[in-house]
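# A closer look at the structure
Okay, here's what each chain looks like letter by letter:
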Amino acid sequence: MIRVANLTKRFRLYQRPSDRLREVIWRRPFHRTHAALKHVSFELEAGQALGVLGRNGAGKSTLLKLLTGVLQPDEGELSLEGRITGLLELGTGFDYDLNGVQNILTNGLLLGMTRAEIAERQEAIIAFSELGAFIDDPVRTYSSGMVMRLAFSIAIHAEPTCFVVDEALAVGDAHFQQKCIRRIREFRQRGGSIIFVSHDLNAVKMLCDRALVLELGEKAFEGTPEDAVNHYNRIIAAEDDRVAAESPEREQYSFRNHRVEILEARVLGTSSGGNVVAAGEELRVSLRCRAN
């Protein structure tokens, strides 16, 4: 069970590192404040899966770090029941000079597992990661995909009540991604809760009951995954239209004798209402032309 009410997180941004010292000496601000998350609220019950969508910089990673205790909120209330673990930024909690087995111990302890639990589940963790003999090599020699395999395997074997998955899953190969998704589904069927952050819109629709869309740190939408994906696509389409309207390169796409000019071209998804459409969605192409 997770309850989030009016969660807000701000960061101080400094132009130069020395501005921190100047702020202490002069006792006046030399920073600007950036609200990465502003008054976000939602609830997640046992056995539910919540997708989180948003453009880069929308506040998704900040939200996950607040949920997992990496950051503390400036305002709002956050209520968690049970153990929450997750796969955040790739390699978080790993010591790259230690080998895979040693990192199972250290990372497992950071996730709240006891030494007895880690010892009991170590062979299962190694087997799921499919690292084989590489498990005895230093993690600094691992590829990003190998790091993800180990991190996911440790986190899912910690037996959390809520599992948080960020974009780190995307660095794995197709085989291991599908293996992870199957394990996530099994975890959910056993009553576990999931918070799934991804730019893979079809994966959100496949795994989640509900989804919310973050935009500029605020909750822009919450509803069914289908409706959330459509809302996200509208945001992307509006931004693409703005960039295209401001582009000085429009003329380079002209050709032939200009007997007819295309004044406007739009591709509209019948569900999304935007020019970014999901697989299988019907669309309408509209052209506005002038005959010279």
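This text goes with the structure placed above it.
So, here is what we can say about the structure in this document. (Residues numbered from 1 in each chain as written. Predicted model: local features only at pLDDT ≥ 70, side-chain atom pairs only at ≥ 80, totals over all residues. Heavy atoms only, no water.)

## Re helix H6 (residues 174-189)
- Look at H6: 23 Å from first C-alpha to last across 16 residues, which is about the 22 Å you get at 1.5 Å a residue.
- Buried residues of H6: Phe-176, Lys-179, Cys-180, Ile-181, Arg-183, Ile-184 and Phe-187, and no others.
- For H6, the secondary structure elements touched by its buried residues are helix H4 (115-129), helix H5 (144-157), strand S6 (162-165), strand S7 (193-197) and helix H7 (201-207).
- Trailing H6 by a residue or two, Gly-191 shows a phi angle of about 100°, which is positive. (Helix = DSSP H or I, 4+ residues; strand = E, 2+ residues; numbered from the N terminus. Expected span 1.5 Å × (residues − 1). Buried < 20%, exposed > 50% of the residue type's maximum accessible area, 1.4 Å probe, protein only. Contact = heavy atoms within 4.5 Å.)

## Here we look at the sheet that holds strand S9 (residues 218-223)
- Strands sit in the order S5-S6-S7-S3-S8-S9 across an open sheet of 6 strands; the sheet is mixed. In this open sheet, the two edge strands, each paired with only one partner strand, are strand S5 (84-87) and S9. Across this sheet, the average inter-strand angle for adjacent strands is 20°, counted without regard to direction.
- Judged from the 4 bridges that link them, S5 and S6 form a sheet pairing that is parallel. (Pairing = 2+ DSSP bridges. Axes fitted to C-alpha atoms, helices over the stretch in contact; angles between N-to-C directions.)

## Here we look at the packing of aromatic side chains
- Applying the stated criterion to the full structure yields 4 aromatic pairs.
- Ring geometry for Phe-128 against Phe-176: centres 5.7 Å apart, planes inclined by 70°, an arrangement best described as edge-to-face. With Phe-128 in helix H4 and Phe-176 in helix H6, the pair connects residues that are 48 residues apart, well separated along the chain.
- Take Phe-128: its relative accessible area is 9%, and that puts it in the buried class.
- Seen from their ring centres, Phe-163 and Phe-187 are 6.2 Å apart, and the 65° between their planes marks the pair as edge-to-face. Of this pair, Phe-163 sits in strand S6 while Phe-187 is found in helix H6, placing the two residues 24 residues apart along the sequence. Across the pair, exposure class does not vary: Phe-163 and Phe-187 are buried alike.
- Here a set of aromatic residues connected by ring pairs shows up, and it is made of Phe-128, Phe-152, Phe-163, Phe-176 and Phe-187.
- The ring of Phe-11 is capped by Lys-9, whose NZ or CZ atom sits 5.6 Å from the centre of that ring. (Phe/Tyr/Trp six-rings, centres within 6.5 Å; stacked < 30°, edge-to-face > 60°. Lys NZ or Arg CZ within 6 Å of the ring centre and 35° of its normal.)

## Some details on a nonpolar patch on the surface
- A grouping of Ile-262, Val-267, Val-277, Leu-283, Val-285 and Leu-287 is seen on the molecular surface, where their side chains present a nonpolar patch of about 510 Å² in accessible area.
- Within the residue set of the nonpolar patch, elements represented by two or more residues are strand S10 (260-269) and strand S11 (283-291).
- Of all the elements, S11 adds the most residues to the nonpolar patch, at 3 residues.
- Its location among the elements puts Leu-287 in strand S11. (Patch = residues over 30% accessible without salt bridge, like charges linked within 9 Å, V, L, I, M, F, W, Y side chains within 5 Å. Areas by Shrake-Rupley, 256 points an atom, 1.4 Å probe, with all protein chains shown as cover. Salt bridge = Lys/Arg side-chain N within 4 Å of Asp/Glu carboxyl O.)

## Thoughts on the nonpolar core
- Counting 46 residues, the largest nonpolar core has Leu-53, Ile-104, Tyr-142, Leu-150, Phe-152, Phe-163 and Phe-196 as its most contacted members.
- No other element matches H5, which puts 9 residues into this core.
- Beyond its immediate stretch of four places on either side in the chain, Leu-150 contacts Phe-94, Gly-100, Asn-103, Ile-104, Ser-129, Leu-131, Ile-135 and Tyr-142.
- Counting 23 residues, the second largest nonpolar core, distinct from the first, contains Leu-37, Leu-50, Val-52 and Leu-63. (Core = buried A, V, L, I, M, F, W, Y, C linked by side-chain atoms within 4.5 Å.)

## Some points on the pattern of salt bridges
- All chains considered together, the criterion is met by 19 salt bridges.
- A salt bridge links Arg-12 to Glu-23; the shortest N-O distance between them is 3.3 Å. Of this pair, Arg-12 sits in strand S1 (residues 2-13) while Glu-23 sits in helix H1 (residues 18-26); the two residues are 11 residues apart in sequence, bridging distant segments of the chain.
- Judged by its relative accessible area of 53%, Arg-12 falls in the exposed class.
- A salt bridge links Arg-140 to Asp-97; its shortest N-O distance comes to 3.3 Å. Of this pair, Arg-140 sits in the loop between H4 and H5 while Asp-97 is found in the loop between S5 and helix H3 (100-110), placing the two residues 43 residues apart along the sequence.

## Observations concerning the sheet that holds strand S2 (residues 32-44)
- Spatially, the 3 strands line up as an open sheet ordered S2-S1-S4, and their pairing is antiparallel. Of all strands in the sheet, those with a lone pairing partner are S2 and strand S4 (75-80), marking the two edges. Each adjacent strand pair in this sheet contributes to an overall mean axis angle of 30°, direction not counted.
- Looking at chain direction, S1 and S4 are connected through 5 bridges and run antiparallel. For Ile-2, the partnering residue across the bridge sits in S4 and is Leu-80.
- Sitting on the sheet, helix H2 (residues 60-67) is in contact with S1, S2 and S4, with an inclination near 115° to S1.

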